[in-house]
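Fold and contact review
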Amino acid sequence: MTPPSTGQRLYSLDALRGFDMFWIMGAEAVVHSLATATGSPIWEAAAHQLSHPDWNGFRLYDLIFPLFLFLAGVATPYSVGRDLENGKSKQQMLLRVIRRGLVLVLLGIIYNNGLVLKPLAEIRFPSVLGRIGLAYMFANIIYLYTKQLGQIIWFCALLIGYWLLLSFTSAPGFPMGDLTMEGNFASYVDRLIIPGHLHLTIHDPEGLMSTLPPLALLF
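Residues numbered from 1 in each chain as written. Predicted model: local features only at pLDDT ≥ 70, side-chain atom pairs only at ≥ 80, totals over all residues. Heavy atoms only, no water.

**Comments concerning the pattern of salt bridges**
When the charged atoms of two side chains with opposite charge come close together, those side chains can pair. Applied cut-off: The term salt bridge refers to a pairing of a side-chain nitrogen on Lys or Arg with a carboxyl oxygen on Asp or Glu at a separation within 4 Å. Put simply, DSSP marks the helices as runs of H or I at least four residues long and the strands as runs of E at least two long, and each gets a number from the N terminus on.
Per the counting criterion, the structure on display carries 4 salt bridges. With its nearest N and O atoms 2.9 Å apart, the salt bridge here joins Arg124 to Glu206. Of this pair, Arg124 sits in the loop between helix H4 (90-113) and helix H5 (128-145) while Glu206 sits in the loop between helix H7 (185-193) and helix H8 (212-216), placing them 82 residues apart in sequence.

**Description of the packing of helix H1 (residues 11-38) against helix H2 (residues 41-49)**
Keep this limit in mind: All axes here are fitted lines through C-alpha atoms, helices being fitted over the stretch that makes contact, and every angle between N-to-C directions spans 0 to 180 degrees. Throughout, a crossing is termed right-handed when the near helix is turned clockwise from the far one, and left-handed when it is turned anticlockwise from it by less than a right angle. Only heavy atoms matter for contacts: two residues are in contact if any of them lie within 4.5 Å across the pair. Each residue gets one of three labels, nonpolar for Ala, Val, Leu, Ile, Met, Phe, Trp, Tyr, Cys and Pro, charged for Asp, Glu, Lys and Arg, and polar for the others, Gly among them.
Relative orientation of the contacting elements H1 and H2 amounts to 145°, with a least axis distance of 8 Å. Classified by chirality, the crossing of H2 by H1 is left-handed. Note on element contacts: H2 touches H1 through Trp43, Glu44, Ala46 and Ala47, opposite Val31, His32, Leu34, Ala35 and Thr38. Here the residues of the contact of H1 with H2 sort into 6 nonpolar, 2 polar and 1 charged.

**Some remarks on the nonpolar core**
One broad trend across soluble globular proteins is that nonpolar side chains are buried collectively. The line we're drawing: The definition of a nonpolar core used throughout is a set of buried Ala, Val, Leu, Ile, Met, Phe, Trp, Tyr and Cys residues joined through side-chain atoms within 4.5 Å. Only protein chains enter the accessibility calculation, which uses a 1.4 Å probe. A residue is then buried if its area is under 20% of the maximum for its type, exposed if over 50%, and partly exposed in between.
In terms of nonpolar packing, the biggest core is built from 15 residues, with Leu69, Val80, Val97, Ala135, Leu215 and Leu218 touching the most fellow members. Taken together, the elements giving at least two residues each to this core come down to helix H3 (64-85), H4, H5 and H8. Ranked by residues supplied to this core, first place goes to H5 with 7 residues. Filtering out sequence-adjacent residues up to four positions away, Val80 remains in contact with Met93, Arg96, Val97, Asn140, Tyr143 and Leu144. Core analysis: the second largest hydrophobic core is formed by 8 residues, Ala27, Ala35, Ala47 and Tyr61 among them.

**Let's talk about the packing of aromatic side chains**
Quick note on the threshold: Note on ring pairs: Phe, Tyr and Trp rings are taken, using the six-membered ring of Trp, and paired if centres are within 6.5 Å. Classes follow the plane angle, with under 30 degrees stacked, over 60 edge-to-face and the rest tilted.
Here the structure, examined in full by the defined rule, presents 3 aromatic pairs. On the basis of an interplanar angle of 45° and a centroid distance of 6.1 Å, the ring pair of Phe185 and Tyr188 is categorised as tilted. Taken together, the positions of Phe185 and Tyr188, both in helix H7 and 3 residues apart, correspond to about one turn of that helix. Joined through ring pairs, the aromatic side chains of Phe19, Phe22 and Trp23 make up one cluster.

**A short note on the environment of Phe155**
Relative to the helices and strands, Phe155 resides in helix H6 (residues 148-167). Put simply, Phe155 and Gly73 are 82 residues apart on the chain and 12 Å apart in space, counted from C-alpha to C-alpha. Excluding residues that lie within four positions of it along the chain, Phe155 makes contacts with Ala216 and Phe219.

**As for H3**
Spelled out, the test is: Under the convention used throughout, the expected extent of a helix is 1.5 Å for every residue step, that is, one less than its residue count. Two axes enter the definition of the bend at a residue: one is fitted to the seven residues ending there, the other to the seven starting there, and the bend is the angle between them.
With 22 residues, H3 should reach 32 Å at 1.5 Å per residue; the first-to-last C-alpha distance of 31 Å fits that figure. The sharpest bend along H3 measures roughly 45° and falls at Ala75, with the proline Pro77 sitting one to four residues further on. A positive phi of about 105° marks Gly87, the residue just after H3.

Here it is in structure tokens:
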């Protein structure tokens, strides 16, 4: 992430962000409705690609959230980087980054559970907003205190480290490298340390451990 040399707005970033938000806001429902109404193989194929697989597999719909995080990383030099160039201190930016990240985590908890007080065991803490907040916060902290080489090292360490973690560990009672929903190590750690309940009981798609790779998308 290299700071921009001019104050000009990057309109291509805005356009791509708008395209991504179009799908995040639920545009896939239109495609699913067309597939149901027409029975067309073309629309049915498009609808299939605009849904998540239950566990294994990959579809185009799986690119929407990673693209959003990637765009947040592209925007960093135009926000944090520019403010540093304009004289704000790293400490000021650090406090702003932490505040914004924690606000997103809090909003995610509210979105999941509403404003009704619930027993701890019934609260779902992980969320899409929470993952964005944590990834944004830690990636920007790394951006503030490392140079480009350090960011490359972090990028490689996060992706390779997570791959090694899943390849050479597992939940108790499962073979090493087990990648089933219950047997993988990331889901096991989430079950141990996240209070409340997970979205799928034994696994949460926005769990804490699986937030590590998305950090790399912001570099």
